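Residue-level structural notes
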Amino acid sequence: MLCALTLYPALSTFNCEPRHGPWSTMKLWMMLLLLQLHLGNAPWMKEVSVSLPAPSNVSISSFNMEHILSFLPGPGTPSDARFTVQFLRLSRKSQWKPLAACAKLTAGQKCNLTRAFKDHFEHYQARVQAFTLTQTSNWTVLGGFQPLTDTVLGPVDVSLSGCGNCLLLRLRFPTAMEVGLIYRQMVLKMRRTRDDVQFSLSLPYKEETVIPYLQPGVEYCVTVSISSLFTIKTVFSGPHCAFTSSPPSRSSHVLMLGLLAAVCALGLLLMVLHFYGLQRLEVLRKCLSTTVSYILLQCQRGRGAPIELSGQMSAVQRLKEGSADCLLTAHRPLRSASEGGEEIH
């Protein structure tokens, strides 16, 4: 009716009023009223009021190229309200695109934007809106976001094991990413637990790295962070500790000391036996020389060769002295020269 009353002055102005009397005018007003009712009941003519509070605290948390959008319902948002998320690529003149997986979120749910933000070098925007069957809220727009510079790298999963005088470091990331493109080097903070000495190493990124030139049998603790050419937002892993080689036990210490004492005792015994053996060989040599001389002397006497008395006496005397030395060394019973020797005239 309001629309009809509004159109009436216009019809009067343009002399559109029918000239066949008031009955024709009434028919015209009835047609206008039916048209208004028909258009008002059409689905595309329904109006949705903007009265819901807009979502608040919209943010994106990004770790290792996994981007999660979170938000809070605005104050006074009804419990049956739903939320929708859209994103926009800033480098291209594109329109806002809805996310099918985030079209009907409930309060407290989060939206994963990892697939939507697939270009690491691109700049993106995101926005969130609350809605019901008859009401909507204003959009809450989040500022520009670049995955490569705004993501936080780490912490990585660390595996540490000993390899003698070195440590074997293995790294594994929680998500599958283009590691060769993004990650360039790693920073290691190392601590020797024996005396709490600390030092740092900067090495090229590898999934498996050997840390050389360490003390064997010593425990080291390592924390790892990964740096990139495009971001400085990194998180260190927790400390992981390992011995370079198996630490010696107390029983092994006792065993080593026992073996060392046994080796020393064996060496001393060999030295004594060697020294005693040399002395005995010298005595045997003297005995053998004296015996040979005596045998030669007896052979000369048996042949009737002239032998000088002084030579015989000296040979016999030497034989007796040598025999006495041999007997004394060998600890045999000793006889006097008068009992065991021959008298020479």
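Take the overall build of the protein next. From N to C terminus, the protein includes seven helices and 16 strands. Expressed as a percentage of the 345 residues in the protein, the buried residues total 27%. Sequence-distant contacts in the protein: of pairs separated by 6 or more residues, those separated by 24 or more amount to 61%. Accessible surface, the protein as shown: approximately 23,400 Å² in total, 61% of it carbon and sulfur.

Sheet architecture is open: four strands sit in the order β13-β12-β15-β16, paired in antiparallel fashion. Where the open sheet ends on each side, the last strands, each with one partner, are β13 (197–204) and β16 (240–243). Within the sheet, the average angular offset between the axes of one strand and its neighbour, ignoring direction, is 30°. Direction of pairing for strand β12 (residues 183–192) relative to strand β15 (residues 219–228): antiparallel, over a ladder of nine bridges. Looking at the pairing, glutamine 185 lines up with serine 227 of β15.

This brings us to the pairing of strand β2 (residues 56–63). Both β2 and strand β3 (residues 66–72) contribute to a ladder of six bridges, which runs antiparallel. Counterpart to phenylalanine 63 in the pairing with β3 is glutamate 66. Between the antiparallel neighbours β2 and β3 lie two residues, among them asparagine 64 with a positive phi of about 55°.

This brings us to the sheet that holds β3. Pairing is antiparallel in the open sheet, where three strands are placed in the order β2-β3-β6. The outermost strands of the open sheet, each flanked by one partner alone, are β2 and β6 (111–112).

Another aspect to go through is the side chain of serine 225. Relative to the assigned elements, serine 225 resides in strand β15. The class of serine 225 is buried, set by a relative accessible area of 4%.

To describe a pair of aromatic rings, you give the distance between the ring centres and the angle between the ring planes. Scanning the model with the defined rule gives four aromatic pairs in all. Centre to centre, the rings of phenylalanine 117 and tyrosine 124 are 4.3 Å apart; their planes meet at 20°, and the pair counts as stacked. Using a relative accessible area of 1% as the deciding quantity, one classes phenylalanine 117 as buried. Judged by its relative accessible area of 1%, tyrosine 124 falls in the buried class. The side chain of arginine 127 reaches across the aromatic face of tryptophan 139, ending 4.0 Å from its centre.

Counted under the stated rule, the structure contains seven salt bridges. Two residues, arginine 170 and glutamate 208, come together in a salt bridge whose shortest N-O distance is 3.3 Å. On the criterion of sequence distance, the pair formed by arginine 170 in strand β11 (residues 167–172) and glutamate 208 in strand β14 (residues 208–211) is long-range, its members being 38 residues apart. Note that arginine 192 and aspartate 195 form a salt bridge whose closest N and O atoms lie 2.8 Å from each other.

Once that is clear, we can look at the state of the cysteines. In this structure the tally under the stated criterion is three disulfides. Here cysteine 163 connects covalently by a disulfide to cysteine 166, the sulfurs 1.9 Å from one another. On the accessibility criterion, cysteine 163 (33% relative accessible area) is partly exposed. Across a sulfur-sulfur distance of 1.8 Å, cysteine 221 and cysteine 241 are joined as a disulfide pair. The sign of the S-S torsion, about 100°, decides the handedness of the disulfide formed by cysteine 221 and cysteine 241: right-handed.

Rules of the game
Residue numbers here run from 1 along each chain, matching the order of that chain's written sequence. Where totals are concerned, whole chains, interfaces and linings use all residues; where local detail is concerned, this predicted model gives features only for residues with pLDDT of at least 70, and gives and counts side-chain atom pairs only at 80 or more. Here the side-chain values reflect all heavy atoms present in the structure, with hydrogen atoms and water set aside. Numbering of helices and strands runs from the N terminus; a helix is a DSSP stretch of H or I covering at least four residues, while a strand is a stretch of E covering at least two. The rule is simple: take the accessible area with a 1.4 Å probe, protein chains only, and divide by the maximum for that residue type; under 20% is buried, over 50% is exposed, in between is partly exposed. In what follows, residue pairs with any heavy atoms lying within 4.5 Å of each other are defined as contacts. To be clear on the numbers: accessible area is Shrake-Rupley with a 1.4 Å probe, and residue cover counts the displayed protein chains and nothing else. When DSSP finds two or more bridges between two strands, those strands count as paired. The axes used here are C-alpha line fits, helices contributing only the stretch in contact, and every angle between their N-to-C directions lies in the interval 0 to 180 degrees. The criterion for an aromatic pair is that two Phe, Tyr or Trp rings (for Trp, the six-membered ring) have centres within 6.5 Å, with stacked assigned to planes under 30 degrees apart, edge-to-face to planes over 60 apart and tilted to the rest. Two conditions define a charge located above a ring, namely a distance within 6 Å from the ring centre to NZ of Lys or CZ of Arg, and an angle within 35 degrees of the ring normal. Salt bridges are counted wherever a side-chain nitrogen of Lys or Arg sits within 4 Å of a carboxyl oxygen of Asp or Glu. When two cysteine sulfur atoms are found within 2.5 Å, that pair is recorded as a disulfide.

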